[in-house]
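Chain by chain, the residues:
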Number of protein chains: 2
Amino acid sequence: MLDKILEEYRRIWALNYASSLLGWDLETYMPEDDSQLRGEAIANISTVVRELTLSLADKLDKVRDEDLDDFGRGIVRVLRRSVRFYRAVPREITEELDRLASQSAVVWREARRRSDFKSFEPYLRRIVELEKEVADRLGYEGHPYDALVDLYEEGMTVSELDSLFNVLVPGLKKLLDRVIEDEYFPPTHPLEEQEYERSYMEKVNGELLKLLDIPQGSFRMDVSAHPFTVRISSKDVRITTRYEGRDFRATMFSVIHESGHALYELMIDPVYEMTPVGSGVSTGVHESQSRFWENVVGRSREFVRVVYPILKERLPFLRDYSEESVYKYFNVVRPSLIRVDSDELTYNFHIALRYEVEKGLIGGKLEVSELPTVWEDFMDKYLGVRPKNHAEGVLQDIHWSQGSFGYFPTYTLGNVISATLWSKLDGFSQKVEEWRVEEIKNFLRERVCKYGALYPPKLLLNKTLGEAYNPERLIQYLSHKFIDRD
Amino acid sequence: MLDKILEEYRRIWALNYASSLLGWDLETYMPEDDSQLRGEAIANISTVVRELTLSLADKLDKVRDEDLDDFGRGIVRVLRRSVRFYRAVPREITEELDRLASQSAVVWREARRRSDFKSFEPYLRRIVELEKEVADRLGYEGHPYDALVDLYEEGMTVSELDSLFNVLVPGLKKLLDRVIEDEYFPPTHPLEEQEYERSYMEKVNGELLKLLDIPQGSFRMDVSAHPFTVRISSKDVRITTRYEGRDFRATMFSVIHESGHALYELMIDPVYEMTPVGSGVSTGVHESQSRFWENVVGRSREFVRVVYPILKERLPFLRDYSEESVYKYFNVVRPSLIRVDSDELTYNFHIALRYEVEKGLIGGKLEVSELPTVWEDFMDKYLGVRPKNHAEGVLQDIHWSQGSFGYFPTYTLGNVISATLWSKLDGFSQKVEEWRVEEIKNFLRERVCKYGALYPPKLLLNKTLGEAYNPERLIQYLSHKFIDRD
């Protein structure tokens, strides 16, 4: 039965493969006039995927779990999740959400430009209504938001997220206050204003890929408006970056971040290719890999030692900056308004806010109209900054216009897991400083990557790390880095 | 009923759209290690297309043709052709052909490198067997080859091709002999050896695209090992070229040739998008557009007048060559061994040979083992050249390794139709010389392009040109150009 299921699954696999390429191309090389037809094509392929998945339902119902090994159980678990989603949420709802998402993206962009929350409000209200309906149809035990966050992080709940943020927010607040008092990590750095030549940074980024030793025959890097990673197959993983021409950290860390996502996909056991467990298990675990490489490795003092000579060779203006200064540039600490520009210490406050907002909206405790006030008060209370307008406040992220409710918390889950990985990696400092990159990669492969989606994320983390989603780990890691500084 | 068919067809459209992009990416940006999985993905998508097409069969059977207008009849005709193919040719055969094609491509490449026909022979023999079976299953009235050529040129038959080549071959032979005697068009030209800087030719090619006024928002050009055109949608048509670094005609005319294919797709009436009649009607008609732009326009004296100043500005070495000399460079006439390097006068001999071989193999009158001898004798007889080895003889083309039997004749059909178009375009010389490109494009749009696949090719050509596949037109055009020279 499982063989038959896997055989039929190959069509779904092929359609997902194609959709991934369509999405990549949309952001990189597609002629602009094709955008509407591209949307049509992607939507129609989704419909076929839905139908092919539902056509597996009977076979999946008949599978006797006790006959299965881990591989079989993983396959059945992932497919049943899809079937459950398609059974619960009718095409009409996902289609309305898709249509709304593409309209809202335009409205949101314009609203942000004009800093005008009112024009976006009715769209957001309708999206929240639909997301609530999705949650109701999917069902939940505790909180309706559970149903949504589970779509990104299998098994995650409001109850667990509440416990996590209840530890994290006060803990990080204390840390942040001390770090600011210490004044070792500066709130600004002259390199933030320094312009660079694109061709130089292209070379630096090429060197970073070499450092990470990404298999070149299965990988490529291109340019897009917003950096992203896409897995097309285990032999075709692509990242993008962008060149803003100023503040070279941005492109550099986007490359390391996306490479982290890419390495996850590239290190999944190739025997899972063309099966439902062949890609990363959850958004949070995925983010743990990108954050591990970007922050834990990339912004470490040891990595700066490795990368400084490379940077100095390629970027003439670095002659005026010491290794120590570059380390501080990579680790400016400054409570600020924009999530994507924030540092390791303040980042999770941005997420805590968004989590509270999403939980409130989906749970019916918060109205869309109250959002700006909630936003401003939170920023003021925790980071001591107040948005002057909606563009640098509630309108800054694209996620809600896309109906991605439940996504934001996984950024913090990723940070927490990346810190847990750090705590479990013996000889981290030495491995980074001597750049024994294969050892670091092997550690991640064995603890996370190779399993693909074989086990649900929490089970996986408990199995391989002995714990999952432990907020103390993030506090420990950040204390070690920003307070102890050893 | 038709609405329902069209609605369901959108899924097939989306899968074809995706397959086109997968194919394009395979030749341009795909990381090399993914090639096997790419093959799997494409094959699986083909399977879904087959099933979705067959699922339309009942509805198509029920459609009453007398209720339909031209649009409806076109839709039903094209879909019924697909259904007929899938019903007649079981998956096992197409899958074996696909597998064999990917193996044979490797074997053929190696065989060509070593000029070793024997190692390719067993593969070719099996491919011919399978092609014969396809022909038998599809059925035919006259000759089994009819069934195969119809897959590329709907309605074309051996009987019609025989008549055509029986006029063309002796007519062209007479012409060729006179042109060689005349000595106006040289057999070689020093520019064939001239090296160029790639960046210069990239600029020239950019200028060519501007000259052709291709809508930039729906088009792109990339680099691949072999130039090709792909239509992804009416708003996304892509061509490729390559830069060999020597003999700049090659990249220049590949760009014009592929742009001709691209313009065809871009000029199809956009109301046909997402329907079965939304792309070019046949391989021969498609080739008429590429050849019209490449040869009839691009190698004309008038076009040289237009393009010479552009070339001279970009290519420093052209200072030593007059406009007249460049015209001769574009029109070197030299009986030679390799089809793809041959000129307008000798090209169709290469096709006539391949047509005779394919007809013989499929009709059972010729054995694969006899191929080299037949090949060498034909070349000797018509072009007075004899291959010294199989690499420059029977092994030169990839087509047969891919099972593309029936394709070759459409190159000559394209030449014939392009000459017919030339004969019907009033004021051709003036339009080209004054570069009234929109008038030329409008002519092609009205006579060919806008219809998409609405009518079968022969009906279309008779409707809009008053004649179809008339070999005399090609002889007239070539006489005018190479003998009259006015």
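Residues numbered from 1 in each chain as written. Chains lettered and ligands numbered in written order. Predicted model: local features only at pLDDT ≥ 70, side-chain atom pairs only at ≥ 80, totals over all residues. Heavy atoms only, no water.

- The name recorded for chain A in an unreviewed UniProt entry is Metal-dependent carboxypeptidase, from Metallosphaera yellowstonensis MK1.
- Comment text from UniProt for chain A, heading Function (unreviewed entry), reads "Broad specificity carboxypetidase that releases amino acids sequentially from the C-terminus, including neutral, aromatic, polar and basic residues."
- If you open the UniProt record of chain A and go to Catalytic activity (unreviewed entry), you find "Release of a C-terminal amino acid with broad specificity, except for -Pro." (UniProt positions renumbered as here; feature names shortened; annotations may be inferred.)

Some words on the interface of chain B and chain A
- Each side of the interface is counted separately: chain B has 40 residues, and chain A has 40 residues.
- Of the roughly 3,200 Å² buried between chain B and chain A on both sides combined, carbon and sulfur atoms contribute 63%.
- One can count eight salt bridges joining chain B with chain A.
- In this structure, the salt-bridge partner of B:Arg38 is A:Asp236, at a minimum N-O distance of 3.2 Å.
- Among the secondary structure elements, those contributing two or more residues to the side of chain B that touches chain A are α1 (2-28), α2 (35-54), β1 (219-223), β2 (229-233) and β3 (236-241) of chain B.
- Per-element accounting of the side of chain B that touches chain A gives the leading share, 11 residues, to α1(B).
- Class assignment of the residues belonging to the side of chain B that touches chain A gives a composition of 19 nonpolar, six polar and 15 charged. (Contact = heavy atoms within 4.5 Å. Buried area = accessible area lost by both parts, 1.4 Å probe. Salt bridge = Lys/Arg side-chain N within 4 Å of Asp/Glu carboxyl O. Helix = DSSP H or I, 4+ residues; strand = E, 2+ residues; numbered from the N terminus. Nonpolar A, V, L, I, M, F, W, Y, C, P; charged D, E, K, R; others polar.)

Here we look at helix α11 (residues 283-297) of chain B
Residue and element names in this part refer to chain B.
- Helix length check: α11 (15 residues) gives 20 Å between terminal C-alpha atoms against 21 Å at 1.5 Å per residue, within 8%.
- At Arg291, α11 shows its maximal bend, which comes to roughly 40°.
- Buried residues dominate α11, accounting for 15 of its 15 residues. (Expected span 1.5 Å × (residues − 1). Bend = angle between axes of the 7 residues up to and from the residue. Buried < 20%, exposed > 50% of the residue type's maximum accessible area, 1.4 Å probe, protein only.)

A short note on the relation of the copies chain B and chain A
- Of the transformation superimposing chain B on chain A, the axial component is 0.0 Å and the angular component is 180°, with the fit at an RMSD of 0.0 Å. Here the transformation between the copies is reduced to the relation of a two-fold axis. The rotation axis passes nearest to the C-alpha of B:Ala18 in chain B, at a distance of 3.0 Å.
- An overlap of 100% is found between the interface residues of chain B and their copies at the interface of chain A, pointing to a shared contact surface. (Least-squares fit on C-alpha atoms with pLDDT ≥ 70 in both.)

Observations regarding the UniProt feature "binding site: Zn(2+)" (unreviewed entry) in chain A
Residues and elements named next belong to chain A.
- Cross-referencing UniProt, the feature "binding site: Zn(2+)" (unreviewed entry) maps to His257, His261 and Glu287 in the present numbering. The greatest C-alpha distance among the annotated residues, which extend across 31 residues, is 8.8 Å, indicating that they converge on a single site.
- Counting through the fold element by element, His257 comes out in helix α10 (residues 249-266).
- Residue class for His257 comes out buried when judged on its relative accessible area of 11%.

Focus: the sheet that holds strand β2 (residues 229-233) of chain A
All names here are of chain A.
- Reading across from one edge, β1-β3-β2 is the order of the three strands in this open sheet, with mixed pairing throughout. A single partner strand is all that each edge strand has here, and the edge strands are β1 (219-223) and β2. The average undirected angle you get between the axes of adjacent strands in this sheet is 20°.
- In the packing of helix α1 (residues 2-28) onto the sheet, the strands contacted are β1, β2 and β3 (236-241), and the crossing angle to β2 comes to about 145°.
- Contacting β1, β2 and β3, α10 runs over the sheet at an angle of about 165° to β3. (Pairing = 2+ DSSP bridges. Axes fitted to C-alpha atoms, helices over the stretch in contact; angles between N-to-C directions.)

Some words on the sheet that holds β3(B)
All names here are of chain B.
- Taken together, three strands build an open sheet; the order of strands is β1-β3-β2 and the sheet is mixed. Each end of this open sheet is capped by a strand with a single partner; those strands are β1 and β2. The average undirected angle you get between the axes of adjacent strands in this sheet is 20°.
- Pairing geometry for β1 and β3, over five bridges, is parallel. Paired with Asp222 across the bridge in β3 is Thr240.

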